[in-house]
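An overview of the molecular structure
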Amino acid sequence: MVKKLFQEYVYQHPWAVVTEATWLKYPNPFCPHVLDVDVISRRVDDTDGFLKTRRLFTATSPVPRGLRWLMNSDVAYAVEDSVVDPVKQLMELNLRSLTFGDIVEMKETSTFE
């Protein structure tokens, strides 16, 4: 079974404000399920000038409590790869789950332009 969702929202703020907010979004007290966000790597690519970042998200498991015995874990992990083109004012985030990969796959792509 494949489930896809497409959602679009237009932020009424400058690009720089919106993209900065994505870096500061987690962790915060309004999303207690996100326990930690660690920057694994961050660099400016010499060839194109793009900022490329990889972050590791640690969160409480989204699996219902009644099924957690199947997973053997209360913690879930996801990795986010992002690319920022400051000249074209384009930011793309690709998030994918690292937990429960043999049962379910979750991918999320966000684009800010």
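Up top is the structure.
Looking now at the overall build of the protein. The helix and strand inventory of the protein stands at 2 helices and 5 strands. Element order for the protein, N to C, with α for helix and β for strand: α-β-β-α-β-β-β. Seen through its C-alpha atoms, the protein measures out along the principal axes to roughly 50 × 30 × 30 Å. Looking at the 113 residues of the protein, the share that counts as buried comes to 27%. Entry remark: accessible area of the protein is about 8800 Å², with carbon and sulfur atoms responsible for 56%. When the 13 basic and 16 acidic side-chain charges of the protein are each reduced to a single mean position, those positions are 4 Å apart.

Here we come to the environment of Glu108. By secondary structure assignment, the location of Glu108 is in strand β5 (residues 107–112). Classification of Glu108 by relative accessible area gives partly exposed; the value is 40%. Remark: the alpha-carbon pair of Glu108 and Lys4, spanning 104 residues in sequence, is separated by 9.8 Å. Each residue touching Glu108, except ones within four places of it in the same chain, is listed here: Leu93, Asn94 and Leu95.

Core analysis: the largest hydrophobic core is formed by 6 residues, namely Trp15, Val18, Val84, Met91, Leu93 and Phe112. Going through the elements one at a time, α1 (15–24) and β4 (90–97) are the ones with two or more residues in this core. The next biggest cluster of nonpolar side chains, apart from the first, holds 5 residues, and it includes Val34, Val37, Phe57 and Leu95.

With 10 bridges joining them, strand β2 (residues 51–60) and strand β3 (residues 75–85) adopt antiparallel strand pairing. Within the sheet, the bridge partner assigned to Thr53 lies in β3 and is Ser82. Turn length for the β3-β4 hairpin, with the two strands adjacent in sequence and antiparallel, is 4 residues, and the turn residue Gln89 shows positive phi of about 50°.

Thresholds, definitions, all that
Residues numbered from 1 in each chain as written. Predicted model: local features only at pLDDT ≥ 70, side-chain atom pairs only at ≥ 80, totals over all residues. Heavy atoms only, no water. Helix = DSSP H or I, 4+ residues; strand = E, 2+ residues; numbered from the N terminus. Buried < 20%, exposed > 50% of the residue type's maximum accessible area, 1.4 Å probe, protein only. Areas by Shrake-Rupley, 256 points an atom, 1.4 Å probe, with all protein chains shown as cover. Lys, Arg positive; Asp, Glu negative; His and termini not counted. Charge placed at Lys NZ, Arg CZ, Asp CG, Glu CD. Contact = heavy atoms within 4.5 Å. Core = buried A, V, L, I, M, F, W, Y, C linked by side-chain atoms within 4.5 Å. Pairing = 2+ DSSP bridges.

Everything listed here is a matter of coordinates, which is why it stays silent on function.
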